[in-house]
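Residues per chain, in single letters:
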Amino acid sequence: MSVANQIIWNRLIAIVEEQAQALVRTAFSTSVREAGDLSAGVYDQAGNMLAQAVTGTPGHVNAMAEAVGHFIREIGEMHEGDTYITNDPWKGTGHLHDITVVTPVFHKARHVGFFACTAHVVDIGGRGFGADGDSVYEEGLQIPIMRFADRGMVDETLIRIIRTNTRTPDQLVGDIYALAACNDVGLARLRDTLEEYGADDLEEISAFILDASRTATIERIAALPRASAKGHMRIDGYTAPVDLHVRLETHDDHILCDFAGTSGTDPKGINVPEVYTRAYAAYALKCTIAPDIPNNTASLEPFRVTAPRGSILNAPRPAPVALRHIIGHLIPDTVFDALDQILPGRVPAEGAGALCNFQLSIFGPESEHEVLTFNSGGTGARPTLDGLNATAFPSGVMTMPVEATEHSGPVIIWRKELRADSGGEGTCRGGLGQHMEVGVPDGHRFVFSAMFDRVDHPARGRAGGGAGAPTIVERSDGTRLGGKGRSAVPEGQTVRLAFPGGGGYGPPEKRPEEARERDRRLGYVSREDE
Amino acid sequence: MTAINLGVDIGGTFTDVVLEVGERLHSTKVLTTYAAPEEAILAGLAQVCAQADVEPARITRILHGTTLATNALIERKGAKTAFITTDGFRDVIEMRTESRFEQYDLNLVLPDPLIARDCRFTLHERVDAGGNVLIPLDDAEVEALAARLEDFDSIAIGFLHSYANPEHEHRVADILAARFPAKSLSLSSEVSPQIREYERFNTTCANAYVRPMMADYLGRLKARLAEAGADCPVFLMHSGGGLMSLEAARQFPVRLVESGPAGGAIFAADLARRHGLDRVLSFDMGGTTAKICLIRGGTPKTARVFEVARTYRFKKGSGMPISIPVIDMVEIGAGGGSLGSVDALGRIQAGPESAGSEPGPAAYGRGGSRPAVTDADLILGRLDPDNFAGGSIPLKPEASETALAEHIGQRLDLDALTAAYGLSEMVDENMANAARVHAVENGEDLAGYTMIAFGGAAPLHAGRLCEKLGLTRLLVPPGAGVGSAIGFLRAPYAYEATRSLVMRLDAFDAEAARELLAALRDEAESFVRDCAPEADISTETVLHMRYRGQGWDIPVPLPDRLEAGAIQEAFEAAYSNLFGRTVAGLVPEVTVWALSAATPLRPIEPVAGAPAGETATGTERQLFDASTGALAAAGALERTALGDGTVIAGPAIVTEAETTIIVPRGFTAKGRADGTIDIRKSS
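Everything numeric in this text was worked out from a predicted model, so none of it was measured.

Rules used throughout
Residues numbered from 1 in each chain as written. Chains lettered and ligands numbered in written order. Predicted model: local features only at pLDDT ≥ 70, side-chain atom pairs only at ≥ 80, totals over all residues. Contact = placed C-beta atoms within 7 Å. Helix = DSSP H or I, 4+ residues; strand = E, 2+ residues; numbered from the N terminus. Nonpolar A, V, L, I, M, F, W, Y, C, P; charged D, E, K, R; others polar. Pairing = 2+ DSSP bridges. Axes fitted to C-alpha atoms, helices over the stretch in contact; angles between N-to-C directions. Expected span 1.5 Å × (residues − 1). Buried ≥ 20, exposed ≤ 12 C-beta atoms within 10 Å, placed from the backbone. Domains from an automatic or database assignment. Arc of directions from axis to C-beta. UniProt positions renumbered as here; feature names shortened; annotations may be inferred. Core = buried A, V, L, I, M, F, W, Y, C linked by C-beta atoms within 7 Å.

**Details of the interface of chain B and chain A**
Every contact between the two is made by 54 residues of chain B and, on the other side, 60 residues of chain A. Considering every element that reaches the side of chain B that touches chain A, the biggest residue donor is helix α12 (residues 416–441) of chain B, with eleven residues. Partitioned by chemical class, the residues of the side of chain B that touches chain A number 24 nonpolar, 14 polar and 16 charged.

In C-alpha cells form, the structure reads like this:
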C-alpha cells in the first residue's frame, strides 16, 4: 500500500477533527459547546463516509453516515458554494433538535465529495424539548432537505421562517451558521490536501479506505463463532413498559441484528427512527468486535441492523420522537444481552444507559428561564473491571459544570455527588450512580421536566452479578415523581434525584477482599452486610 | 560590572545549565539526579563556571525551571493531602466531566482522582453564583473536622463559587492555621480564582499535593547554592512564561508545571523579536514528545487551562486539568524515540510509545529491537552514524534496517527504505495535524507563519513539517539543545492575576469593575515588586468575553475607557477578526478579568541583514528525497561553515554536535550573524 494513501487517510481524520473543533468554538447551544453533542464527517462523491471526528456521540456519528445519501437523492444538481440543510428525524439523526448541514466539495470545477455535520440545538420551537408531544408536528419546526445557500447566497426566506418559529432565534441561526462554517473549514483543508498530493478527486483514497476498513471488519467477524442468540430487556417506557427484543446472527461476512418482537410505538415522544436504532446497535457491536477500526461506511456496513416498521425502534412518521435518545441509549445493553451468549466474557453488565437529563422551566417575578443539564449514572461492570462511576455510556457527551449552570439561570444545585451503594454487587461491582438535588432561589417556582428511565427496571447484573440501584425522582416533601414528563414544584421545595447504578458482573462472593475493603474505605459501599 | 546569569532547566533525562557572561553563553547537560535534583544543578554549575572561569560568587541571578512538579503529578508522588469542600460536592474531582475520552474502549480505565475519596471532607456552607451566602459557615463544624486532619501534611480548600466570595475559604484556613501552624494550606480562591469547579478544585488539589515536596526542594537548593558560593537571588520560571520569586513558588508550586517548555517558547519568542518576525510557530521536538506553540508579535499565546499527566496515549481528556495562566502549547507523543508499528488495518503508527533512552532506538545497539523515528532518520540519510551526539553514541544502521524491515516492511511488503519513509512521514503528519488543530483552536491560519525549530530532533523534521504546513521559512537558532534554559535568561518578571466575574455589558457596573481591576493590579504588581523592587512595571488588562449564551470566550484588550460602549466595540472587532462576522442582537459579557504585570523585556538587538555571501556545496552524502521516493545526492557541511551570508541549496545536511538540520529540496539555507540558520523556500 502506498505511503501517500496512508498519509491522506490520516489527514482526512485530522481534517474532520478540525471541522468539529471549529463547530465547538463558534456554537451557541450548551449541548454543542459544553457537552459535545455533535459530529462531523467527510464523504466521497457517491456519499460514502470516509472519516468522522472521534468527537461526538454514536447516535450522531453513525446516523450521519447515512444522511448524505438522502441529500444526493433529493437535491438534484449541485453547485460550488451550495450548502444544504435538514432536521428530518428519519433522514438525519432522529429528532428535530438535530440540525444536519451538508456541503458539496468541488475541486478543479468537479464535484468530488461532501462534508457533513450535525449538532443538537437547544430549541426548535413546538412544545419545547420533552416527551409530551403526540406527533412530530408538535415537536417543532420541520426543515425538509433543502438548500440553505445556493451558490453562496443564503436563503433569507428560510432564515425568516426559522426565526419566526423558534424561541431563541439568534442562537439557532448562529448555530446553523456555525455548522456551515465548520464544513467550510474542512473543505479548504481537503482542497489543500488534494493539491499537495496531486490528486484530482477522492476516488483512489476512497477505494483504499473502504477496502481496508471492510476487509479488517470482516476479518473480525469471520473470527467469531457462527451462532445466533436472542436478547431481551424490559424498560420503563412512558405510557407503558417497553420490551426490547433482539436476535443476532453471525455470518461469514456480516452480523445480522434484528429487533423483531420489540414493543410498538408509544403515544408520546420517546419513539426511535430506525436510523438511530441502527446507529446504537452498530456502536454496541463495533466497540465489542472492532473497536480500533475507524468509523466509515465500510466499517459499519457489515453490521446489518433492522427493526420492524411500527415498533418503537422503527417508528414511522409522524410518530413523536423528541426524546428518542432515552430508548436509543438502551439499545446497546439489549444487544449485549444477546452478544454475551456468542462471546462470553467480553461485554459489560447493563448500565444506567440513558443519559439522566432534565430541564427546568423557572418562573421568577419578572422573567422566565430554561435550564438544561446532562448527567450520567453508572456503567455496567466489565468482566475484569468495575463499572465507571457517573460516566456516560453509550452516549459520548459531557456534563455541564455546576457553577456554569448556576450562571445560566436562577437555579441552585444543592447536591451532585456519587451515590453510595448504587453499584450492583458482583465480582466486579457496577459503576455508581449519582445524587442530585435541585431548586430555585426564594421568590421563584419551577416546572421540572424529567427524562429518565430505569425507575422500575434497574440495570441487571451479568454472570451472577446483582442489579444496580434504580432511578428515584421525588420532591423534598417526599412525593414521588415519574421518570418522564413535566410536573410543577411548589415554591420552597426542591427535587431530589438518585440516578441509577450499573449492574455487577460475576458472583459477589468471588469479589476479592481488597476490593471490598477499598469500597468501604472510599465509601462506595456503606452497607454493613457487604 | 558584567551581569552573570545562570539558567537551569531540570528535564526528565537531562538537567541543562547555561551560564551567560555578558554576551557569551557556556552550557552543559548533566543527567538529572531524581533523589536530590539540586545535586545535578551543583555539578552543572561547577562545570559552566570552570568553562567560563567565573567564581560562583560572581553570579548575579539564577533562573530556574523544572519538570519536578509535573513529574510528581504524573507519578503520583506527592504529599498526604486532604481536600475540604462544600457539602454535596465531595466527588467533583472524581466525577470529572462524566464522559469517556475514548469512545470505543469497553475496558476504559479513568485516571484516579489526585486525592482519594476518603481524604475528601465536606462542610455545610454555600455561596451562590452572585457571591451571596446561602448557608453560613459553622466554626464549630470546622473545629470538629480539624480533629480528623492530624495525619495530613497538606490541605486543599475549595468551596463552590469561592472565586466570587472567598470568605468561607479564608475562615477555614484561619481556624486550621491556628491549630496546625506547620501544615501547608492551599485555597482555591488564591491558587486559581476562576469559575468551573472541576478545574479550580483540581488545580488547588494539585498545588497542595506538590507543595511540601517543592517547598523542601527549593529550600534545600537555595541553601546548597549558598554553600557553593552562589548566594544570589533565585527566581523560578512559571508556566505563564515569566519569572516569580522563590517564596511565591513555594506557595504556588502548581505554577511551575510545564515551566521547562515555557522557557522554550520564551527562547523562540526572543529569537522572533530579534529577527523582526510577527507570526511564529515554535517547534520543540525531543526524545519522547513534541511541543508546538504560536507566537504573535514576539509574545507566546497564553491560555488559562491546560491538561497534565495524560494517561492514555496523550489523548485529550485522559489527564487532569490545571487552570492557571499558561503558555498555550500542544504536546504530542512524537519524538526521536517514538516507536513505529503497524496496526490491524495495515496502517503505520508512530508513537506515542517511546524507546526512551534505555534501550533507545534499535540503532543505539543497546537491546532495542523495535524501530524508532531515529532509526528511520538514520536509514533516510539524515543522520551520520559516526557523528551522532557529537560522536558519543555510534549508530548501527544494520540494526535500524532489521528493525524497520521486521516490524513494518514485512507486514506491508515494503523495503526498509520505504518503511523508514512511511514511519517518518507518519510522525511528521501527526505533528502537522496537531499544529493545524492548535491553530484552529486559536483562531489562526498558519499561512504567513515562520517556524522556529529547536530540541534535539526538531531540525531533522522541521523542513518536512514546513512543507506539510505550507510554511516558507524556518529558523534554527544556535543553542537549540538547551533552548529552555536560555529562554529562562530572557524571561521578564511577570505575574498574571485573574478573577472570574460575569458582567453583562447591558448591565455594566463601572464602579465594581474599577474596584476589581484595582485589586488585580495590587496583586500582580506586588508579586513582581517582590522580585524586582526597582524595575519599571507595565501592566496589561485583558477581558475574556463572549456573547451571552456562548461557551468559549475570546481575549479582548481593555480599551482606554472603562465603559460598556468602548468595550463592546473592542469585543466586536476581536470577534469578527476571529470568526468573520459579529452576531447581531446578542449581548456580550465579560467572564474573566485578567491583569498582567511585567518588567520590560530586555531590549533586543535586531539581527543585521545578511551580506551577500558565498555559496557552499558541502561534501556529497545520500539523502532520501520524498519527491522521487529514492536516495539522492545532497550537500553536507558543518554548521560552523555556514557563516554570515553563506548559503547552501537544498537538499542539504547541516551538522553539529547537538543536532542535524535537514534542508529539503526547493529550500535554501543561509547563515546569519547571530549563528541562526535561516532556511527559506526558493522562489
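**A short note on the sheet that holds strand β19 (residues 495–498) of chain A**
All names here are of chain A. Strand order in the open sheet made by the four strands is β14-β15-β19-β17, with antiparallel pairing throughout. Edge positions in the sheet fall to β14 (412–418) and β17 (472–475), since each of these pairs with one other strand and no more. Each neighbouring strand pair of the sheet contributes to a mean axis angle of 10°, computed without reference to strand direction. The pairing of β14 with strand β15 (residues 434–439) spans six bridges and is antiparallel. By the bridge assignment for β15, E417 is matched with H435.

**Focus: helix α9 (residues 259–274) of chain B**
Residues and elements named next belong to chain B. Between its first and last C-alpha, α9 extends 23 Å over 16 residues, near the 22 Å set by a 1.5 Å rise per residue. Burial runs high along α9: 15 of the 16 residues are buried. At the exit of α9 stands G276, carrying a positive phi of roughly 65°.

**As for the domain arrangement of chain B**
Residues and elements named next belong to chain B. Domains assigned within chain B are domain 1 (4–73 + 215–256), domain 2 (75–209), domain 3 (261–489) and domain 4 (494–598). Spacing between the C-alpha centres of domain 2 and domain 3 amounts to 37 Å. With twelve residues of domain 2 in contact, the opposing surface of domain 3 contributes 13 residues. Split into classes, the residues belonging to the side of domain 2 that touches domain 3 amount to five nonpolar, four polar and three charged.

**Some details on the domain arrangement of chain A**
All names here are of chain A. Parsing chain A into structural domains produces domain 1 (3–213) and domain 2 (348–530). Measuring from the centre of the C-alpha atoms in domain 1 to the corresponding centre in domain 2 gives 33 Å. Taken residue by residue, the interface counts 13 residues in domain 1 and 14 residues in domain 2.

**Section: helix α6 (residues 203–222) of chain A**
Residues and elements named next belong to chain A. Taking 1.5 Å per residue as the helical rise, α6 with its 20 residues ought to reach 28 Å, and the 28 Å between its terminal C-alpha atoms agrees with that figure. Within α6, burial applies to I205, S206, I209, A212, S213, A216, T217 and R220. Each buried residue of α6 sits inside an arc of 150° when the element is viewed along its axis, so together they form one side. If you follow the buried residues of α6, they end up packed against α1 (3–26), β1 (38–44), β2 (49–52), α7 (274–289) and α8 (297–300).

**What about the UniProt feature "domain: Hydantoinase/oxoprolinase N-terminal" (unreviewed entry) in chain B?**
As recorded in UniProt, the feature "domain: Hydantoinase/oxoprolinase N-terminal" (unreviewed entry) lies at residues 6–177 of chain B. For residues 6–177 of chain B, helix accounts for 27% and strand for 27%, while the C-alpha atoms at its two ends are 37 Å apart.

**Some words on the nonpolar core**
With 364 residues, the main nonpolar core has A:L23 and B:M451 as its most contacted residues. With 14 residues, the top contributor of residues to this core is α12(B). When sequence neighbours within four positions are dropped, the list of residues in contact with B:M451 reads B:L281, B:F283, B:A462, B:L465, B:C466, B:L471 and B:L474.

**Thoughts on unusual backbone geometry**
The omega torsion across A:R317 and A:P318 is 5°, close enough to zero to call that bond cis. Along the chain, the position of A:P318 falls in the loop between β11 (303–306) and α9 (324–328). Between B:G650 and the following residue, B:P651, the backbone shows a cis peptide bond with an omega angle of 0°. Positionally, B:P651 belongs in the loop between β31 (647–649) and β32 (652–655). The backbone phi angle of B:R76 is positive, close to 55°, even though this residue is not glycine. Mapped onto the fold, B:R76 is located in the loop between α2 (68–75) and β5 (81–86). Not every positive phi belongs to a glycine, and B:R196 is a case in point at roughly 95°. Residue position: B:R196 is located in the loop between α6 (188–191) and α7 (197–227).

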